[in-house]
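Coordinates in review
Here is what each chain is made of, one letter per residue.
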Protein chains: 2
Amino acid sequence: MPTLVMKFGGTSVANPDRIKRAAKRVGVEVAKGYNVIVIVSAMSGKTNELVGWVNEISPLYDAREYDAVVASGELVTAGLMALTLQEMDVPARSWQGWQVPVKTTSAHASARIEEIPTDNIVRTFENGMKVAVVAGFQGISPEGRVTTLGRGGSDTTAVAFAAAFGAERCDIYTDVDGVYTTDPRVSDKARKLDKIAFEEMLELASQGAKVLQTRSVELAMRYKVKLRVLSSFEEQSDQAGTLVCDEEEIMESNVVSGVAFSRDEAKMTLISVADRPGIAAAIFGPLAEAGINVDMIVQNISEEGRTDMTFSCPVDHVARADQALQEAKSSGSINYQELIADKDVAKLSVVGIGMRSHAGVAAKMFAALQAEGVNIKVITTSEIKISVLIDRKYMELAVQALHDAFELEKA
Amino acid sequence: MPTLVMKFGGTSVANPDRIKRAAKRVGVEVAKGYNVIVIVSAMSGKTNELVGWVNEISPLYDAREYDAVVASGELVTAGLMALTLQEMDVPARSWQGWQVPVKTTSAHASARIEEIPTDNIVRTFENGMKVAVVAGFQGISPEGRVTTLGRGGSDTTAVAFAAAFGAERCDIYTDVDGVYTTDPRVSDKARKLDKIAFEEMLELASQGAKVLQTRSVELAMRYKVKLRVLSSFEEQSDQAGTLVCDEEEIMESNVVSGVAFSRDEAKMTLISVADRPGIAAAIFGPLAEAGINVDMIVQNISEEGRTDMTFSCPVDHVARADQALQEAKSSGSINYQELIADKDVAKLSVVGIGMRSHAGVAAKMFAALQAEGVNIKVITTSEIKISVLIDRKYMELAVQALHDAFELEKA
């Protein structure tokens, strides 16, 4: 029988009533003849509550215990969803990460899924079960500890299951009705996209658009999983939401598809680092080991054998990055005069596959920012994206300016 | 190295500050040279929240899913406790039920522990770990599903670990400073007992004294685990709390040690049941299968081949009991005219090992109740206990009357 993966985010399972609404949608697909794998997030707010306790107790927490704590929210919704489906006479059971088992790496708090054996769940389908409700966001390490996949990891769980089970489609139910040119809360001109290419979605997600976790898009692209983002709060047609698909499936598109941003960035600068071969590895190796998510990296021109090294990372990684770098300094593997952390920056990106064939996108972007008096602190680019760091206070103004400049309100 | 088990109840781990306070107490024992196994409950209120959601969604829930949901609260506190100990430089890690693994029966929602292999945890102690923080209340079934041990099950987890690891003592930290002659909230004459015999504690626990889960006392009695009940909110001396121990260790005791009660009882009566051999089995078999905790059973005198059968059970089992009996009636295995459920009853018990050698306890109890005008609905007795069902509205009055009648305020 054909298999469908349906993922429900935190707001879609925020309480028993919402779980019932989501379960009805699952029931519709079961009635069509699908075996359904439902991936659930924790009730909205629950994961933040758990993370808050961990941070209160231990700011430099043991990530293995962090994972043990924060993975618990999804267990609750998985069980409640299974019960709700049973009440509707849909045969269902819940699966915790270790029961499937979802095998991951040992990189706690940002583990990667390595394998999802399908036999346990397939056996229940063969025995008449219609729905497997899987706790998202989690798995187990080779050591048998609970791991989590990073914030938004349930999206990745969903796509990984879709790939493992050869699902016909992976529907991501969330609190927005699709992917927009930018966040509608920031620009009222934001427009919903009917289709978006995997690569664009990948850049938008990694640049801060919170609709999908970056890795889920990577996985979907690699395994050609048809991914649909749609709202769990509206009646659905088959055309609802946004389809994330191959570039070839999109007839025509704008040069720029969207403007993404991320508020929670920090810019860290190491002043006066010895400029010698291997210095970048000596700096970024310890940061990687500490699990710091380094994003942009800029090295200034060297002067008398010394240089400044700037990088950006999520603002809540600053304390750990600071510690990792100080330890590296103490051990003598690196040397620097000063470490300056600027926690008041935001990242802004314009993304579009059309950039490949159109010049002048960067110039237009910088001009639009200049016209609003926004100073650019760091710039990085890729084939289909241009990102800048700016002062956080200008972020909303800048998003609106870019949305206007690239006329994203027009299809 | 000697091992100690320390169990912290829900109010003792209700928030990060309380967890810190509990962790300090663990640190004191580690400093004395113990390897400590800490058993934690869920934060107070959390399990009720989870149970509430389950009941809202599915009053006749699948107990496997109920367990998957309600076992999650302890995972949170186990991780947080491990983090707190690590912050104090005490080497600690958390253990979820399935990781140990705590092997139980498949009787979901009231599973029994069958085996606790010690090798995984012992290996960590050998490698320098000082504390194993274990999520209480749960285990896994032979089928690999999460099971729970029933409300208050963390006490049983604690005693079972103490038995499995040959612990020197099992300290149960709670929000009261010991075992009282009755609940101090009901009688201000209630007195703390320094020692109480296992059998008395067993009766008190099973008769509704909520200090310890019944099965934990059974286990402690069988495996001779020295059990101490004490408050996590007071400075402790070695003499603090109440020691639950062998009868022989108690020099002298009152005829009656305590008065227990339980508010949440229901009395169910099957009117006009065919009085034939095997009828009791035909009635109580289906109830047992449905997981109904039947307590008292009374069969009235038979008349013309028909009889009335009365039993008591927790008030929240009434709906399930009703369903199980109706199904048995439909299938033809039993027959009755009417099923009457009285949900407004309470159970009252006087308990004491002294009863074995003293006559007249029942007479004194009934006289004291009569003097207050309290009608007795059902009576059952054991060697060291007399229990009655009464109207719930008289419960507090009756407890006070019995406490006075047996002069329990005097040591």
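Residues numbered from 1 in each chain as written. Chains lettered and ligands numbered in written order. Predicted model: local features only at pLDDT ≥ 70, side-chain atom pairs only at ≥ 80, totals over all residues. Heavy atoms only, no water.

Per an unreviewed UniProt entry, chain A is named Aspartokinase, and its organism is Nereida ignava. Checking UniProt for chain A, the heading Sequence similarities (unreviewed entry) contains the comment "Belongs to the aspartokinase family." (UniProt positions renumbered as here; feature names shortened; annotations may be inferred.)

**A look at the overall build of chain A**
Across its full length, chain A carries 12 helices and 20 strands. Its C-alpha atoms give chain A a radius of gyration of 22 Å, near enough to 22 Å, the size a compact globule of 411 residues would have. Based on the C-alpha atoms only, the size of chain A along its principal axes is roughly 75 × 50 × 35 Å. Taking all 411 residues of chain A together, 56% fall into the buried category. Sequence-distant contacts, at least 24 apart, represent 74% of the contacts inside chain A between residues at least 6 apart. Surface accessibility of chain A: about 16,900 Å² in total, with carbon and sulfur atoms responsible for 47%. (Helix = DSSP H or I, 4+ residues; strand = E, 2+ residues; numbered from the N terminus. Rg over C-alpha atoms; globule rule 2.2 N^0.38 Å. Buried < 20%, exposed > 50% of the residue type's maximum accessible area, 1.4 Å probe, protein only. Contact = heavy atoms within 4.5 Å. Areas by Shrake-Rupley, 256 points an atom, 1.4 Å probe, with all protein chains shown as cover.)

**Observations regarding the UniProt feature "binding site: ATP" (unreviewed entry) in chain A**
Residues and elements named next belong to chain A. Per the UniProt record, the feature "binding site: ATP" (unreviewed entry) sits at Lys7, Phe8, Gly9, Gly10, Thr174, Asp175, Tyr180, Arg185, Lys210 and Val211. Over a stretch of 205 residues, the named residues are scattered through the fold, their C-alpha atoms separated by up to 23.5 Å. Relative to the helices and strands, Asp175 is located in the loop between β9 (169-174) and β10 (179-180). Within polar-contact distance, the side chain of Asp175 engages the side chain of Thr174 at 3.1 Å. (Polar contact = N/O pair within 3.5 Å; in protein donor to acceptor, adjacent residues only side chain to side chain.)

**Quick notes on the packing of aromatic side chains**
Here a ring pair, both rings aromatic, is described through the centre-centre distance and the interplanar angle of the planes. Residue and element names in this part refer to chain B. For the structure shown, the criterion picks out 9 aromatic pairs over all chains. Sitting above the plane of the Tyr61 ring, Arg320 keeps its charged end 5.0 Å from the centroid. Directly above the ring of Tyr336 sits Lys329, whose terminal nitrogen or CZ lies 4.4 Å from the centroid. (Phe/Tyr/Trp six-rings, centres within 6.5 Å; stacked < 30°, edge-to-face > 60°. Lys NZ or Arg CZ within 6 Å of the ring centre and 35° of its normal.)

**Considerations on the pairing of strand β14 (residues 242-245) of chain B**
Residues and elements named next belong to chain B. Of the two faces of β14, the one carrying Thr242 and Val244 and the one carrying Leu243 and Cys245 are both buried. Relative to β14, strand β12 (residues 195-197) is paired through 3 bridges, and the arrangement is parallel. Along β14, the bridge assignment pairs Ala197 with Cys245. Sheet analysis places strand β13 (residues 227-231) next to β14, joined by 3 bridges and oriented antiparallel. Following the sheet pairing, Arg228 is matched in β14 by Leu243. (Pairing = 2+ DSSP bridges.)

**Regarding the packing of helix α11 (residues 361-371) of chain A against helix α12 (residues 395-405) of chain A**
All names here are of chain A. The contact between α11 and α12 brings their axes to 9 Å, and the two run at 135°. One way to sum up the angle between α11 and α12 is to call them oblique. Of the two elements, α11 crosses α12, and the hand of that crossing is right-handed. Residue-level inspection shows Lys364, Met365, Ala368 and Leu369 of α11 in contact with α12, the latter providing Ala398, Ala401, Leu402 and Ala405. (Axes fitted to C-alpha atoms, helices over the stretch in contact; angles between N-to-C directions. Parallel < 35°, antiparallel > 145°, perpendicular 65-115°, else oblique. Left-handed = near helix turned anticlockwise from the far one by under 90°.)

**Re unusual backbone geometry**
All names here are of chain A. Pro101 follows Val100 through a cis peptide bond whose omega is -15°. With respect to the secondary-structure elements, Pro101 resides in the loop between β3 (92-95) and β4 (103-104). The phi angle at Lys224 is positive, at roughly 55°, despite the residue not being glycine. With respect to the helices, strands and loops of the structure, Lys224 is situated in the loop between α8 (214-223) and β13 (227-231).

**Some points on the side chain of Ser272 of chain B**
Mapping Ser272 of chain B onto the fold places it in strand β15 (residues 258-274). Apart from residues lying up to four places away in sequence, Ser272 of chain B is in contact with Arg306, Thr307, Asp308, Asn335, Tyr336 and Gln337 of chain B.

**A closer look at the sheet that holds strand β18 (residues 338-351) of chain A**
All names here are of chain A. The strand order across the open sheet built from 6 strands is β16-β17-β15-β18-β20-β19, with neighbouring strands paired in antiparallel fashion. Since the sheet does not close on itself, it has two edges, and those belong to β16 (297-299) and β19 (378-382), each with one partner. Taken pair by pair, the neighbouring strands of this sheet meet at an average axis angle of 25°, ignoring direction. One ladder, built from 5 bridges, connects β19 with strand β20 (residues 385-391); its direction is antiparallel. Following the sheet pairing, Thr380 is matched in β20 by Ser387.

**Quick look at the state of the cysteines**
All names here are of chain A. In this structure the tally under the stated criterion is 0 disulfides over all chains. Unpaired in terms of disulfides, Cys245 finds its nearest cysteine sulfur in Cys170, a separation of 14 Å. Cys245 gets classed as buried once you look at its relative accessible area, which sits at 2%. (Disulfide = S-S within 2.5 Å.)

**Re the nonpolar core**
Soluble globular proteins: nonpolar side chains tend toward being buried together. Leu80, Met81 and Val131 of chain A together with Leu80, Met81 and Val131 of chain B are the most contacted members of the largest nonpolar core, which has 80 residues in total. Not counting chain neighbours up to four residues away, the residues in contact with Leu80 of chain A comprise Ile19 and Met43 of chain A together with Trp53, Val54, Ile57 and Val69 of chain B. (Core = buried A, V, L, I, M, F, W, Y, C linked by side-chain atoms within 4.5 Å.)

**Observations regarding the side chain of His317 of chain A**
All names here are of chain A. Relative to the helices and strands, His317 resides in the loop between β17 (306-314) and α10 (318-330). With a relative accessible area of 19%, His317 lands in the buried category. Non-local contacts of His317, meaning those with residues more than four positions away in its chain, are made with Gly291, Ile292 and Asn293.

**With respect to the relation of the copies chain A and chain B**
Structural alignment of chain A on chain B gives an RMSD of 0.1 Å, achieved by rotating through 180° and translating 0.1 Å along the axis. Both chain copies can therefore be described as sitting about a two-fold axis. Of the C-alpha atoms belonging to chain A, the one lying closest to the rotation axis is found on Ser72 of chain A, 2.9 Å away. Interface overlap between copies: 100% of the residues of chain A at the interface are likewise at the interface in chain B, consistent with a symmetric, same-surface contact. (Least-squares fit on C-alpha atoms with pLDDT ≥ 70 in both.)

**So, the interface of chain A and chain B**
Counting from both sides, the interface comprises 37 residues of chain A and, opposite them, 37 residues of chain B. Carbon and sulfur atoms supply 64% of the area that chain A and chain B bury against each other, a total of about 3,300 Å² over both sides. Put simply, chain A and chain B have 2 salt bridges between them. Those elements that place two or more of their residues in the side of chain A that touches chain B are α1 (16-31), α2 (46-57), α3 (63-70), α4 (72-87) and β3 of chain A. A per-element tally of the side of chain A that touches chain B places α4 of chain A first, with 10 residues. (Buried area = accessible area lost by both parts, 1.4 Å probe. Salt bridge = Lys/Arg side-chain N within 4 Å of Asp/Glu carboxyl O.)

**Re the sheet that holds strand β3 (residues 92-95) of chain B**
All names here are of chain B. Read from one edge to the other, the open sheet built from 8 strands follows the order β3-β6-β2-β1-β9-β13-β14-β12, with strand pairing classed as mixed. Bordering the open sheet on either side are β3 and β12, each of which pairs with just one other strand. If you compare each strand with its neighbour and ignore which way they point, the axes differ by 20° on average. Relative to strand β6 (residues 131-135), β3 runs parallel, the two being bridged by 4 bridges. Of the residues in β6, the one forming a bridge with Ala92 is Val131. Across the sheet, helix α5 (residues 119-126) touches β2 (35-40), β3 and β6, and the angle it forms with β6 is around 150°.

**Considering the confidence of the model for chain A**
Overall, the prediction assigns chain A a mean pLDDT of 92, with 98% of residues at 70 or greater. In the model output, the complex is listed with pTM 0.79 alongside ipTM 0.77. (pLDDT = per-residue confidence, 0-100.)

**Here's the deal with the UniProt feature "binding site: substrate" (unreviewed entry) in chain A**
Residue and element names in this part refer to chain A. The UniProt record marks Thr47 and Glu74 with the feature "binding site: substrate" (unreviewed entry), using the residue numbering of this structure. A stretch of 28 residues holds the annotated residues, and the largest C-alpha distance among them is 8.7 Å, short enough that they meet in one place. Counting through the fold element by element, Thr47 comes out in helix α2. On the basis of relative accessible area, Thr47 is assigned to the buried category, the value being 10%. Those residues in contact with Thr47 that lie beyond four places of it in its chain are Ala42, Glu74 and Arg151.

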